[in-house]
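# Structural overview
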Amino acid sequence: MNTINQMYSYGTSVWLDDLSRGRIQTGNLAELIKNYGVRGITTNPSIFSSSIRKGAEYQSAIFELAGRSLSADSIVRELTVSDVRDACDIFKNIYNESNGVDGRVSIEVDPRLAHETEATVIQAKELWTQVNQPNVMIKIPATAEGIPAIREATAAGISVNVTLIFSVDTYRAVAQAYIEGLEAAHDAGIDLSHIESVASVFVSRVDTEIDTRLEAIGTTEALAMRGQAGVANARLTYEAFLEMFENSARFASLAQLGAHVQRPLWASTGVKNPEYSPTLYVDQLVAANTVNTMPEGTIKATEKLAVITGDTITEAIPAAHRTINALTEIGIDITDVMSVLEAQAVDKFIAAWNELLDSVQTVTSENLAM
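Only a predicted model underlies this, so the values are computations on that prediction, with no experimental measurement involved.

Taken across its five residues, strand β8 (residues 290-294) has five buried, putting it largely inside the fold. Going residue by residue along β8, you find Thr290, Asn292 and Met294 tucked away on one face and Val291 and Thr293 tucked away on the opposite face as well. Where strand β1 (residues 12-17) and β8 come together, five bridges link them in parallel fashion. Counterpart to Leu16 in the pairing with β8 is Met294. Bridge analysis of strand β7 (residues 262-267) against β8 gives two bridges, and the strand direction is parallel. Note on β8: the bridge partner recorded for Leu265 is Val291.

Shown next, in the form of C-alpha cells:
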C-alpha cells in the first residue's frame, strides 16, 4: 500500500490540484491515478491561466475558436469546459466505484462574479449544464455574496466545491448554506444522494500571512509560533465539521434521506516556506471524511517522505485551540488575517483570469490580422 492509499484508508482522499490539456493528452493524469492513487482533481483561475497561456497544445484550438469570431471570454469557457469534461471521463471509474463521493472534477465560476450572488448562480447552472457530467463540481467562492449562491446551487441539485475558505466562522456559514440547500432540494423532490459537496479550506496561505506578522513582532515567543497557524486553523475547522455534520440531529435527518456530508478539503497544501517539511499540510491533516488537494510536487513528496500514522486531527483539536489562543495573546488579530486573505485570494484569481483573457485576446487579434 503506497502512502496516498494509506491516507485513503484513514479517510483522506487525495486530489490533484492542477489540470491541463497536456496532462490529459500525454496520459500523465491517468498515470497519477494508477500509480499514486489520485482520486479527483481541482482547478482554479490561476491554474487555467498558467495552463492555457503556456500550453502549446491550446494554440490550434484558440485559433479555431477565434476563427468563429468568439470573444475571449467565450474561448476561455470553451477550452476550460472541454478540459473538465475530458477529465470527468478519466475519473468516471473512481466516481462509480465510490458511489459518487470521489472521481470529482471541479470548474470555477468566473472570479469576477465573486461579489454577485445571482450572476454566480446563473453561471453555476450554465457550467453544470455545459459540462454535463455527473462527476463535475462547480466551484463557488465563500464570499458574503457567494454564501447564498451556494445555498441556491445546492437546492438546484448541483454539486458544489466551495472555495476560498479561510476562517472557521466562514466554514460554518458555508456548511449552514449547504444544509439549507439540501433541505430545499428535498422539498423540490431532488434525490439528495446525487448531491456531493466539499468545503475548500486554504492552509498554507494562513501560515504565510501570520508568519509575516509574527516576524514583524519579532520576539522570541512570536518567532517560535511560525508555521503552526495553518494546521491549527484547519483542525478547528474539522471540529466545526464534526459539530455540523457528524454530531448534528438536523443533518442526521437529511442523511436518512440519502444526503452526504460536505467534506472539508484542504487546499493550498504546497508549502510556501522551504524551511518547512514539504508534507507539513499532508501528514498533519489526516482524518475521516476529508480531502487533500495537492500539486503534483506535493503528491510525489508525500509518496517519498510522508509518514501516515492514522488520524492526526481529532486528538489534536485541543492543542489547536491553544495555538490560536497563543497567537492572539502575542498580538495576532485572527479575524483581520482571515479578512485580508479572502480579499487577496479573490483579487489574485481575478488578476489571473484577466491575464488569461488578455493572452487569448492577443492570439485572437493575431488570427484576425492574418
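Among the nonpolar cores identified, the biggest contains 122 residues, and Leu29, Val84, Ile210, Phe245 and Leu327 are the most heavily contacted of them. Beyond its immediate stretch of four places on either side in the chain, Val84 contacts Leu19, Phe48, Val105, Ser106, Ile107, Val131 and Val136.

Along its 20 residues, helix α10 (residues 168-187) runs 29 Å from first to last C-alpha, staying within 8% of the 28 Å computed at 1.5 Å per residue. Regarding α10, the residues found buried are Val168, Thr170, Tyr171, Val174, Ala175, Ala177, Tyr178, Ile179, Gly181, Leu182 and Ala185. The inward-facing, buried residues of α10 contact α9 (146-155), β5 (160-165), β6 (197-202), α13 (229-246), α14 (249-255) and β7. One or two steps after α10, the chain reaches Gly189, where phi turns positive at roughly 85°.

The next subject is unusual backbone geometry. The phi dihedral of Ser69 is positive, around 65°, even though this residue is not glycine. With respect to the helices and strands, Ser69 occurs in the loop between α5 (59-66) and α6 (72-90).

This part is about the packing of α10 against α13. Where α10 meets α13, the closest approach of the two axes is 9 Å, and the angle between their N-to-C directions is 30°. Relative to α13, the element α10 lies roughly parallel. In this structure, the crossing between α10 and α13 has a hand that is right-handed. Only Asn233, Leu236, Thr237, Ala240, Phe241, Glu243, Met244 and Phe245 of α13 make contact with α10, whose side of the interface consists of Val168, Tyr171, Arg172, Ala175, Gln176, Tyr178 and Ile179.

Time to look at the packing of aromatic side chains. In this description, an aromatic ring pair is defined by two values, namely the gap between the centres and the angle between the planes. If you walk through the whole model with that rule in mind, you get five aromatic pairs. Taken together, a centroid distance of 5.4 Å and an interplanar angle of 35° make the contact between Tyr238 and Phe241 tilted. Linking Tyr238 with Phe241, this pair stays in helix α13, spanning three residues, or about one helical turn. Of the two residues, Tyr238 and Phe241, both sit in the buried class. With centroids separated by 5.6 Å and ring planes inclined at 35°, the aromatic side chains of Phe241 and Phe245 adopt a geometry described as tilted.

The rules behind these values
- Residues numbered from 1 in each chain as written.
- Predicted model: local features only at pLDDT ≥ 70, side-chain atom pairs only at ≥ 80, totals over all residues.
- Heavy atoms only, no water.
- Buried < 20%, exposed > 50% of the residue type's maximum accessible area, 1.4 Å probe, protein only.
- Helix = DSSP H or I, 4+ residues; strand = E, 2+ residues; numbered from the N terminus.
- Pairing = 2+ DSSP bridges.
- Core = buried A, V, L, I, M, F, W, Y, C linked by side-chain atoms within 4.5 Å.
- Contact = heavy atoms within 4.5 Å.
- Expected span 1.5 Å × (residues − 1).
- Axes fitted to C-alpha atoms, helices over the stretch in contact; angles between N-to-C directions.
- Parallel < 35°, antiparallel > 145°, perpendicular 65-115°, else oblique.
- Left-handed = near helix turned anticlockwise from the far one by under 90°.
- Phe/Tyr/Trp six-rings, centres within 6.5 Å; stacked < 30°, edge-to-face > 60°.

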